[in-house]
Amino acid sequence: MEISNFTTKSFFLVSNILGFLLFGRIYLCSATETDIHCLKSIKDSLQDPFNSLDSWDFSNSTEGFICRFIGIECWHPDENKVLNIMLSKMGLIGEFPRGIQNCTSLTGLNISNNNLYGTIPSDISVILEHVTTLDLSNNTFSGNIPPDIANCAYLNILKLENNNLEGEIPSRIGDLVRLKTFSVANNPGICGEPLNKCEDISEDKWKDTCSFIQGKTINKIIFSVNKWKLRSKQHVTSAKLSSNHKFYFLEYFLLLLFPVIQYVFLQILKLEKFVSRMSFMELEKATSGFSEDYLVGNGMLGKVYKAILPNDWTLAIKKFNDWENLEEEFVSEITTLGGLRHQNLLPLIGFCAEKEKRLLVYKYMHNGNLHEWLHSTEDNAKILDFHLRAKIALGVAKGLAWLHHGHELHVTHGSISTRCILLDQYFEPKISNFWEAKFWSKNDTALSWSLFPVAEYSGLGSYKQDIYCFGVVLLELVTGKEPYELTSSRNLFDHSPCLLDADRHLLGKGVDDLTLQFLELACNCVKFFPNKRPTVLEVYDTLRLISQGRTDLV
C-alpha cells in the first residue's frame, strides 16, 4: 500500500513538473513585441502624477530592456516577456488598463492602492487568461464583480477589498478550485455568499429612484393606457359600466401599468451599473458650493466645474440646469458614454441624482477643449503646429471609427464639434457630449439602449452626419476659422481648396503639401451629398498617412 501511494504521488509530481515545463516552454516560444506594446499601452492609458513610471523608457531596443522597468518581473532577465506586473502604491489614475491583454505570458497582476476607477472589465478572463494572482484592492472600482472572473481558472489569490463594488458575488467563484485567498471586504454594496443575503431594494431607494421618472415616461404610460382603451372597445359597450366592469377596468389598467413602471424602474437601476452614484453633498463640498472660482465651462446643458476631492483627485462636474427638463439628455449620457470605454472617449466616472439635482462626473482634462485652443487667443493657435493638429484629428478619427465599426453595437455621436473634443495633458483628444448619441444594430435599426429611444432617421444618414460634423472640425483645424467664417469670403463647401484657405500659422513650415492634403480631406467630408462623403475608416487611414508625413496620397 505504501509503495502504491508513493507511486501515485510520484506520478502526479512528475506530471505537474512536466506540465509546468511545457507551460513554461509555451511562454518561452511566445512573441515579445506584444509585451512591449502591452507596457506602452498601460503607461499611455494611466495618469502618473508622481512620475512613478519614469523608468519605462521605450526608446531603448536592447533585449530584455523592459525587465528593468520598475514594477516589472520577467520570465528571464534577458527576454522581453513579462511574468508579473506590480504597480502598487504608485498614485496611478485611470481605468483598468485593457492593454494588459497583450502581456500574454502574465501570471501576476497587482495594481492595488492606486486611484483606479470604473468597472472591472466584463471579459476579464480574456484579458488575464493565465493569471494566478490578481490584486485590485484599495482603489475605487465600481459596478458588479463580473461573473466572467470565475473563468480565470488559474487564480490562487483574488483581492478586491476597499473598492466601491456592489451587487451579488458571482456564485461560480466557488468553482475556482485553486483559489486560496479571496477578499471583498469594505465594499458596502457587495452581498451574497459568504456575506449577507442580497435583499430586495428598500422602499426609500424605490422612492429615490422614482424621482427620475418624468416627462417622457408619463407619455409612455399614457400611450399604453390609450392603447388599452382602443382594445377595450370590443369588450365594453358604450352603456354605463357596472361595478363589476369598473373593477375589471381597474384591474386590467393596473396589470397594464405595472410592467411599464417596472420597466422604467429597472432601466433606472441600470444607471448605477454603468457608473458610480455619488453624493451631492460631497460634490458640492469639492467645488466650494459650486463657486464661480471653480467654474471652467458653460455649455448647452449646464455649467462645468473643476472639483478637487479630499484624496487630491481632480474631476470635472457637469451641473445640469435646474430650470430645464433635461432628464432624457442626462440618462442618455450615462447609458451611452457610461457603457463605452476607449482611449479617445472622455471617461465618465459617476453621476448624482438627488431630488431635482442632476450632475455628471468626468475625468478632468487639463487642456480644456479644442475650440478654445483654436479660437481663443493667437498664442494658443501658434502652439498648435501642424503635427499637433494632425495628432488631434487622428485621435478623434480613431475614436469615431471605433464608435461606428469597432463596438459590438454601432454608435453615432450626432453632434461632434471642437467644443466637445477635450484635450488631456498630452493633447490626446477625448470625445465628449454623448446626449444625442444613438446605438444601431447591424441592419441599422435603432436600438432602445437608453431609457428613452430617440432614433429619428436611418442609420446611414446618422453615420454620414457624423462625417459631416467631423469635416467641419477638420476645416477648423486646418483653416483656424470658426464654422460661421468658413462660408464668408471663400466657400470651401463649393470650391476646390487651395493653400490660401489654410491657417497662416501652418504655412511655410515645410508641410505645405500635407496641409493641402488635410484641407482636401476636410472638404470631402462636408460634401453636400452624403453618399459622396468618405467613411470614417477611409478618413482615419488618410489622416494616419498624413500624420506620418506621407506626401504621396491620392
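Scroll up to find the structure.
Along each chain, residue indices are assigned from 1 in the same order as the chain's sequence is written. Reporting of local features is limited, given that this is a predicted model, to residues whose pLDDT is at least 70; pairs of side-chain atoms are given and counted only at 80 or more, and all residues count toward the totals for whole chains, interfaces and linings. To obtain the side-chain values, all non-hydrogen atoms of the structure were used and water was disregarded.

A. Region of interest: the sheet that holds strand β12 (residues 276–277). Read from one edge of the open sheet, 6 strands run β12-β16-β17-β15-β14-β13, paired in mixed fashion. Every interior strand has two partners, whereas the edge strands, β12 and β13 (295–298), have only one. Here a strand pair is declared whenever DSSP counts at least two bridges between the two strands. Helix and strand assignments follow DSSP, with helices taken as H or I runs no shorter than four residues and strands as E runs no shorter than two, numbered in order from the N terminus. Pairing of β13 with strand β14 (residues 302–308), which is carried by 3 bridges, proceeds in the antiparallel orientation. Within β14, the residue paired with Gly 297 across the bridge is Val 304. Packed onto the sheet, helix α8 (residues 327–337) meets β15 (314–320), β16 (348–354) and β17 (357–363) and runs at close to 30° relative to β17. By the convention used here, residues are in contact when the closest approach between their heavy atoms is within 4.5 Å. The angle between two axes is taken between their N-to-C directions and runs from 0 to 180 degrees, where each axis is a line fitted to C-alpha atoms and a helix contributes only its stretch in contact.

B. Seen up close, the pattern of salt bridges. For this document, the term salt bridge refers to a Lys or Arg side-chain nitrogen within 4 Å of an Asp or Glu carboxyl oxygen. What the rule picks out here adds up to 10 salt bridges. Among the salt bridges present, the one from Glu 161 reaches Lys 159, with a minimum N-O distance of 3.8 Å. Residue class for Glu 161 comes out buried when judged on its relative accessible area of 11%. For the salt bridge of Asp 322 with Lys 357, the shortest nitrogen-to-oxygen distance reads 3.2 Å. In this pair, Asp 322 sits in the loop between β15 and α8 while Lys 357 sits in strand β17, placing the two residues 35 residues apart along the sequence. Three exposure classes are used, based on accessible area relative to the maximum for each residue type with a 1.4 Å probe and protein chains only: buried under 20%, partly exposed in between, and exposed over 50%.

C. Layout of the nonpolar core. Counting 69 residues, the largest nonpolar core has Leu 370, Phe 470, Leu 474, Phe 518 and Leu 543 as its most contacted members. Per element, the largest residue contribution to this core is 11 residues, and it comes from helix α11 (residues 386–406). Within the second largest apolar cluster, 46 residues are counted, among which are Ile 42, Trp 56, Met 90 and Leu 136. Residues belong to one nonpolar core when they are buried, are Ala, Val, Leu, Ile, Met, Phe, Trp, Tyr or Cys, and are joined through side-chain atoms within 4.5 Å.

D. How the structure looks around the state of the cysteines. Throughout, disulfides are identified as pairs of cysteine sulfur atoms within 2.5 Å of each other. Enumeration over the complete set of coordinates arrives at 2 disulfides. There is a disulfide in this structure between Cys 67 and Cys 74, and the S-S distance comes to 2.1 Å. Here the S-S torsion is close to -105°, and the disulfide linking Cys 67 with Cys 74 is therefore left-handed. Like Cys 74, Cys 67 is buried.

E. A look at unusual backbone geometry. Even without being a glycine, Ser 288 presents a positive backbone phi close to 50°. Structurally, Ser 288 can be placed in the loop between α7 (280–286) and β13. A positive phi angle, close to 60°, is found at Asn 433, a residue other than glycine. Within the secondary structure, Asn 433 sits in the loop between β20 (429–431) and β21 (438–440). Residue Asn 433 is classed as partly exposed on the basis of its relative accessible area, which comes to 25%.

F. Seen up close, the environment of Leu 128. Mapping Leu 128 onto the fold places it in the loop between α3 (124–127) and β6 (133–135). In this structure Leu 128 touches Phe 96, Ile 100, Leu 106, Leu 109, Leu 134 and Cys 152, once residues within four positions along its chain are discounted.

G. Seen up close, the packing of helix α13 (residues 512–525) against helix α14 (residues 536–547). One way to put it is that α13 packs onto α14 with a least axis distance of 10 Å and a crossing angle of 170°. The pairing of α13 with α14 is recorded here as roughly antiparallel in orientation. Where α13 approaches α14, its residues Leu 514, Gln 517, Phe 518, Leu 521 and Cys 525 are matched on the opposing element by Val 539, Thr 542, Leu 543 and Ile 546. Every angle not falling under 35 degrees, over 145, or within 65 to 115 is termed oblique; those three ranges are roughly parallel, roughly antiparallel and roughly perpendicular.

H. Layout of the sheet that holds strand β4 (residues 108–110). With respect to topology, 6 strands assemble into an open sheet ordered β1-β2-β4-β6-β8-β10, the strand pairing being mixed. In the strand order of this sheet, the two ends are held by β1 (72–74) and β10 (181–183), each with one partner. Averaged over all pairs of adjacent strands, the angle between their axes in this sheet comes to 15°, without regard to strand direction. Across 3 bridges, strand β2 (residues 82–86) lies against β4 in parallel orientation. The residue bridging Asn 84 from the neighbouring strand is Gly 108, located in β4.

I. Spatial organisation of α8. α8 sits mainly inside the fold: 11 of its 11 residues count as buried. Taken together, the buried positions of α8 are occupied by Glu 327, Glu 328, Glu 329, Phe 330, Val 331, Ser 332, Glu 333, Ile 334, Thr 335, Thr 336 and Leu 337.

J. The environment of Asp 424, seen in detail. For Asp 424, the location among the structural elements is in the loop between β19 (421–423) and β20. Between the C-alpha atoms of Asp 424 and Met 365, which are 59 residues apart in sequence, the distance is 4.7 Å. With near-sequence residues (within four places) excluded, Asp 424 lies in contact with Met 365, His 366, Asn 367 and Lys 430. Side-chain polar atoms of Asp 424 contact the backbone nitrogen of Tyr 426, separated by 2.8 Å. Within 3.5 Å is the distance limit for a polar contact, defined as a pair of N or O atoms, with the added protein rule that one can donate a hydrogen and the other accept it, and that residues adjacent in sequence qualify only through two side-chain atoms.

K. Quick look at the side chain of His 404. Its location among the elements puts His 404 in helix α11. The contacts of His 404, once residues within four sequence positions are left out, are His 410, Val 411, Thr 412, Tyr 463, Asp 466 and Val 536.

L. Spatial organisation of α14. The first and last C-alpha atoms of α14 sit 16 Å apart over 12 residues, in line with the 16 Å expected at 1.5 Å per residue. Among the residues of α14, those classed as buried are Val 536, Val 539, Leu 543, Leu 545 and Ile 546. After α14 finishes, the residue Gly 549 shows a positive phi value of roughly 85°. For a helix, the expected span equals 1.5 Å multiplied by the number of residues minus one.

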